[in-house]
Each structure stands twice: as structure tokens, then as C-alpha cells.
Amino acid sequence: MATRSPETETGRPADAEGFDLVSICRFLPHRYPFLLVDRVTEFVDGVRLVAVKNVSINEPYFAGHFPGRPVMPGVLICEALAQAGALLVYRSSQGVPPGVPVVLAGMDRVRFRHPVFPGDRLCLEVALARCRPPLFQFRGEARAEGRLVAEGEFKVMAVATEHAL
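A brief look at the structure comes next. Treat the numbers as computed from the prediction; the structure is a model and nothing was measured.

## With respect to the packing of aromatic side chains
Point 1. Within this structure, the stated rule accounts for five aromatic pairs.
Point 2. Between phenylalanine 27 and tyrosine 90, the aromatic rings sit 6.0 Å apart at their centres with planes inclined by 35 degrees, giving tilted as the arrangement. With a gap of 63 residues between them, phenylalanine 27 in helix H1 (residues 21-27) and tyrosine 90 in helix H2 (residues 74-91) connect regions that are remote in the sequence. For the residue pair phenylalanine 27 and tyrosine 90, the accessibility class agrees, reading buried in each case.
Point 3. An angle of 55 degrees between the planes, with centres 4.6 Å apart, marks the rings of tyrosine 61 and phenylalanine 62 as tilted.
Point 4. Note on tyrosine 61: relative accessible area 15%, which makes it buried.

## So, the nonpolar core
Nonpolar side chains in soluble globular proteins tend to end up buried together.
Point 1. Core analysis: the biggest nonpolar cluster contains 43 residues, and Leu49, Met72, Leu87, Leu122 and Leu124 have the highest contact counts within it.
Point 2. At the level of elements, H1, strand E1 (39-44), strand E2 (48-54), H2, strand E3 (102-112), strand E4 (121-132), strand E5 (135-144) and strand E6 (147-158) are the ones that each hand at least two residues to this core.
Point 3. Among the elements that take part in this core, H2 stands out by supplying 11 residues, more than any other.
Point 4. Residues in contact with methionine 72, not counting those within four places in the same chain, are Val55, Tyr61, Phe62, His65, Ile77, Val116 and Leu122.

## Re the environment of valine 47
Point 1. On the secondary structure map, valine 47 appears in the loop between E1 and E2.
Point 2. Exposure remark for valine 47: the relative accessible area of 41% places this residue in the partly exposed category.
Point 3. When the C-alpha atoms of valine 47 and serine 92 are compared, they prove to be 8.2 Å apart, with 45 residues separating the residues in sequence.

## Regarding the environment of methionine 72
Point 1. Mapped onto the elements, methionine 72 comes out in the loop between E2 and H2.
Point 2. Spatially, the C-alpha atom of methionine 72 lies 7.6 Å from that of tyrosine 61, the residues being 11 residues apart in sequence.

## Some remarks on the environment of proline 101
Point 1. The topology assignment puts proline 101 in the loop between H2 and E3.
Point 2. When the C-alpha atoms of proline 101 and proline 29 are compared, they prove to be 8.1 Å apart, with 72 residues separating the residues in sequence.

## Structural notes on the side chain of glutamate 125
Point 1. Mapped onto the elements of the fold, glutamate 125 is located in strand E4.
Point 2. A relative accessible area of 12% places glutamate 125 in the buried class.
Point 3. For glutamate 125, the side chain forms a polar contact with the side chain of arginine 48, separated by 3.0 Å.

## What to know about the sheet that holds E2
Point 1. With antiparallel pairing, the six strands of this open sheet are ordered in space as E1-E2-E4-E5-E6-E3. On the outer flanks of this sheet lie E1 and E3, each paired with one strand and no other. Recorded for the sheet is a direction-independent mean angle of 20 degrees between the axes of neighbouring strands.
Point 2. Relative to E2, E1 is paired through five bridges, and the arrangement is antiparallel. Across the sheet, valine 40 pairs through a bridge with alanine 51, a residue of E2.
Point 3. Across the sheet, H2 is in contact with E1, E2, E3, E4, E5 and E6; its angle to E4 comes to roughly 55 degrees.

The rules behind these values
Residues numbered from 1 in each chain as written. Predicted model: local features only at pLDDT ≥ 70, side-chain atom pairs only at ≥ 80, totals over all residues. Heavy atoms only, no water. Phe/Tyr/Trp six-rings, centres within 6.5 Å; stacked < 30°, edge-to-face > 60°. Helix = DSSP H or I, 4+ residues; strand = E, 2+ residues; numbered from the N terminus. Buried < 20%, exposed > 50% of the residue type's maximum accessible area, 1.4 Å probe, protein only. Core = buried A, V, L, I, M, F, W, Y, C linked by side-chain atoms within 4.5 Å. Contact = heavy atoms within 4.5 Å. Polar contact = N/O pair within 3.5 Å; in protein donor to acceptor, adjacent residues only side chain to side chain. Pairing = 2+ DSSP bridges. Axes fitted to C-alpha atoms, helices over the stretch in contact; angles between N-to-C directions.

In C-alpha cells, the structure reads:
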């Protein structure tokens, strides 16, 4: 999963231009404290997406998970990967149009390798494995400070408008 997209004069991948928090909020319905993607750094249409989540001690779950030794819950790492996958589906030309809700439909072979602590920068990389609308399957990896912390296979599904959120 380590291929790179072409870069512009700014040094940022060409397809990630303008993919900041404001544009992420145009695609994802999530908001604080459940918006778990801060920026997209790489995007290859219909292939892969790399995003970043800056893990802050101010996040509400750290108060109780765990006092004295705060650790980001694994389920939230999975949610961050699912949100990155939804962004890949929304931005891909063969994906889902904006405004159509995309929900988590399944997770398989998820493994947690190392804990994530406040101050870590979580790198979320997702690659599309199967595209059969309304179901999209992708492989995701989360890394903190360059170290693999979680990986797995995820499915997201576009929801019919009569079932919209």
C-alpha cells in the first residue's frame, strides 16, 4: 500500500489539493467529537486514500479510557479508517455522489498491533479492494509515528435516500 500519487509544485499530491477539514465536512456528516479525519494527504481516484487524524488529549474519551494511562479506543481507530474509506468512495468517480449517506457495513480480520496515545499523529491508509455499488470493500491500515497500530478489511454501503440519516 505504499505507492504515491504525482506531486504538484507545492510537494503535495495533485489529487489531494484542497482536501482539508472544510472539504472533508462537505462529504462526511460527522462532526466533533466523531469526525475522526483531519486532512487527506493523498488520493488516487478509485484506488487509495491517505488521511491524518491528530490525536489530542482534549478528546472526550481519554477521560475514562484509561485514567492515568490514556489510550485511544480501538473501535475509534476502526471508525477513523471507515471514515477514510467513505471519503475514498465519495471522491472516486465511480463512487457515491455527495449527499448519499455511506455507513459502515462490516469489518473483517481487524487486528490491533500497538496502542495509540494522545499526541500521536494517526496516518490512515485505505485501498479499494472491491466496488459493487452500493457496497464497497477496502483494506485499511492505521499507523502512529510510522508504526502499524491497526489493520483490517472494511465494508461501507451507500444507503438509499428513504433510509437517509
